[in-house]
Amino acid sequence: MERIKNSILKSNLFKTAGIYTMTSVINSAIPFFLLPVLTRYLSPVDYGIVSMFGMLVSFIAPFTGLSVHGAIARMYYEKDTVDIKEYITNSIYILISSTLLVAVIFFMFSSAIANVSSVPIQVLWMVIVVSFAQFITKIVLTLWQVQVKSIQYGVYQISQTALNMLLSIVLVVFVDLTWSGRVYAQVVSLMIFVLISFFILIKNNWLKFSYNKTYIKHALGFGVPLIPHALGGVLMTMTDRIFITNMVGIETTGVYTVGYQIGMIINLLATSFNQAYVPWLYSKLKENIMATKKRVVKFTYLYFIIILLMSVVLSLIAPSFLSFFVGREFGNSSIYVTWIALGYAFNGMYFMIGSYIFYAEKTSYLAWVTFTAAVLNIGLNYVLISKYGAIGAAMATTLIYFIKFILTWILSSKAYKMPWNILKDLKK
């Protein structure tokens, strides 16, 4: 184990993961430290509407762009045989076409969407704009990630969040626009960064404006099978709030969301590490050396232990912390943290396992796992919320992420062979 630890510490993985973690901490700390402000200037109802707006953006995101930014990341490692600039440009063509189609369908059902989500119908068009803008910024972030340019990645991401939060303070606190001020801030800040993103892509010569049917077909072949996967993931994160909104009330949704945000600190740590881990893992898998694979597996088991312990620590300190950190109307949000933190610990474990499926380009595996988990999540939320109230939604989150992790591990072992049965070697 000591040899494994020293190997990791001396590698670029540890350094890059540290930068990504610091970036993610700073990036998340900005809205996190706004909680005392927003929970005092927004009512639980206002906070609930903001939360549901975000859920709608997440819901249509898999359909705007069709998840082809993942294909860009994968094809970057084949840039010797693939014209990556032309590939990126054709991916943007897919984004534009799919967004227009989604916009038409979305507004055909706008009345029903507004009724279910409690988001006023007059701002639903902003959901489309935000989803489109997020995809453009993801392309830039993806390119910096695969090039291991973690500093540029961090500066870009932090700047975008800082602008978003600054506009939120101005519009919510000083202009007194309540929930709409938070929504407008997202739209304006993202559109500014769409312009910045295109400037970066053009300046770095990442675009080549020509139509390539082969690249479009490949990108769609990679991304479309991920729609059930991405949609399933979104359904898992939005089902709880949809059920709470309609079974308990939008006010409870606002309180639940605050507790959810605290529990998601575990997801922040897992995601930031995974951003550095994936390029490192792919490079190791390409070597195809059994000794290296064994070290990777041992490190993965160590990671599982660490992230589970982190979730326990967070759940213990959350009640006393939230008692003074958020507004009085949101004080009860701490009861949701334990379950959410544990659920996202399992999700972080899923990240480590799911990477092998992406590498093997067996994305349909993830699609079925996530979609199956999402369907189960609907039933669990209904049953547990009916019996226990909003806390039942947090319980469902933990159970579903655990099921998703186990199912993914089973399929991952079939998609790409790794020596997972070496637990006995840890004692040596």
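Cut-offs and rules
- Residues numbered from 1 in each chain as written.
- Predicted model: local features only at pLDDT ≥ 70, side-chain atom pairs only at ≥ 80, totals over all residues.
- Heavy atoms only, no water.
- Core = buried A, V, L, I, M, F, W, Y, C linked by side-chain atoms within 4.5 Å.
- Buried < 20%, exposed > 50% of the residue type's maximum accessible area, 1.4 Å probe, protein only.
- Helix = DSSP H or I, 4+ residues; strand = E, 2+ residues; numbered from the N terminus.
- Contact = heavy atoms within 4.5 Å.
- pLDDT = per-residue confidence, 0-100.
- Phe/Tyr/Trp six-rings, centres within 6.5 Å; stacked < 30°, edge-to-face > 60°.
- Lys NZ or Arg CZ within 6 Å of the ring centre and 35° of its normal.
- Polar contact = N/O pair within 3.5 Å; in protein donor to acceptor, adjacent residues only side chain to side chain.
- Salt bridge = Lys/Arg side-chain N within 4 Å of Asp/Glu carboxyl O.
- Axes fitted to C-alpha atoms, helices over the stretch in contact; angles between N-to-C directions.
- Parallel < 35°, antiparallel > 145°, perpendicular 65-115°, else oblique.
- Left-handed = near helix turned anticlockwise from the far one by under 90°.
- Nonpolar A, V, L, I, M, F, W, Y, C, P; charged D, E, K, R; others polar.

Re the nonpolar core
Step number 1: Tyr 87, Ile 88, Tyr 277 and Tyr 356 are the most contacted members of the largest nonpolar core, which has 137 residues in total.
Step number 2: Considering every element that reaches this core, the biggest residue donor is helix 16 (residues 337-359), with 14 residues.
Step number 3: Once residues within four sequence positions are removed from consideration, Tyr 356 is found in contact with Tyr 277, Leu 281, Leu 285, Val 296, Thr 300, Ser 412, Tyr 416, Met 418 and Trp 420.

Side note on the confidence of the model for the chain
Step number 1: Model confidence for the chain is summarised by a mean pLDDT of 86, while 94% of its residues fall at 70 or above.
Step number 2: Here helix 1 (residues 2-10) stands out as the element of the chain with the lowest mean pLDDT, 49, in contrast to helix 10 (residues 178-203), whose mean of 94 is the highest.

Considering the packing of aromatic side chains
Step number 1: What the rule picks out here adds up to 31 aromatic pairs.
Step number 2: A ring pair is formed by Tyr 301 and Phe 304, whose centres lie 6.1 Å apart and whose planes are at 70°; its orientation type is edge-to-face. One end of the pair, Tyr 301, and the other, Phe 304, are both in helix 15 (residues 290-325), 3 residues apart, so they sit about a helical turn from each other.
Step number 3: Through a chain of ring-to-ring contacts, three or more aromatic side chains come together here, namely Tyr 282, Tyr 301, Phe 304, Tyr 356, Tyr 359, Phe 405, Trp 409, Tyr 416 and Trp 420.
Step number 4: One Lys or Arg, Arg 241, reaches over the ring of Tyr 260 and ends 4.0 Å from the middle of that ring.
Step number 5: Across from the ring centre of Tyr 350, 4.1 Å away, lies the NZ or CZ of Lys 404, which sits over that ring.

Here we look at the environment of Phe 351
Step number 1: Mapped onto the elements, Phe 351 comes out in helix 16.
Step number 2: In the structure, Phe 351 is positioned 56 residues away from Arg 295 in sequence and 18 Å away in space, judged by C-alpha atoms.

Concerning the environment of Asp 240
Step number 1: The residue Asp 240 is located in helix 12 (residues 226-247) in this model.
Step number 2: Each C-alpha atom of the pair Asp 240 and Gln 275 lies 27 Å from the other, and the pair is 35 residues apart in sequence.

Re the side chain of Thr 245
Step number 1: Considering the arrangement of structural elements, one finds Thr 245 in helix 12.
Step number 2: Polar contacts involving the side chain of Thr 245 include one to the side chain of Thr 253, which spans 2.8 Å.
Step number 3: What Thr 245 contacts, discounting residues up to four positions off in sequence, is Met 52, Val 116, Ser 118, Ile 250 and Thr 253.

A short note on the pattern of salt bridges
Step number 1: Tallied over the full model, the rule gives 4 salt bridges.
Step number 2: With a shortest N-O distance of 3.9 Å, Lys 284 and Glu 287 are connected by a salt bridge. A residue pair is termed a helical-turn pair when its members lie 3 or 4 positions apart in one helix, as Lys 284 and Glu 287 do in helix 14 (residues 265-287) at 3 residues.
Step number 3: Glu 287 sits in the partly exposed class, given a relative accessible area of 40%.
Step number 4: Each of Asp 83, Glu 86 and Lys 208 takes part in one network of salt bridges that share partners.

Re the packing of helix 4 (residues 44-60) against helix 8 (residues 125-146)
Step number 1: Viewed as axis vectors pointing N to C, helix 4 and helix 8 meet at an angle of 55°, and their least axial separation amounts to 9 Å. Looking at the two axes, helix 4 sits oblique to helix 8. Every pair of crossing elements has a handedness; the one defined by helix 4 and helix 8 is right-handed. Of helix 8, the residues touching helix 4 (which contributes Phe 53, Leu 56, Val 57 and Ile 60) are Met 126, Val 127, Ile 128, Val 130, Ser 131 and Gln 134.
Step number 2: Grouping the constituent residues of the contact of helix 4 with helix 8 by class yields 8 nonpolar, 2 polar and no charged.

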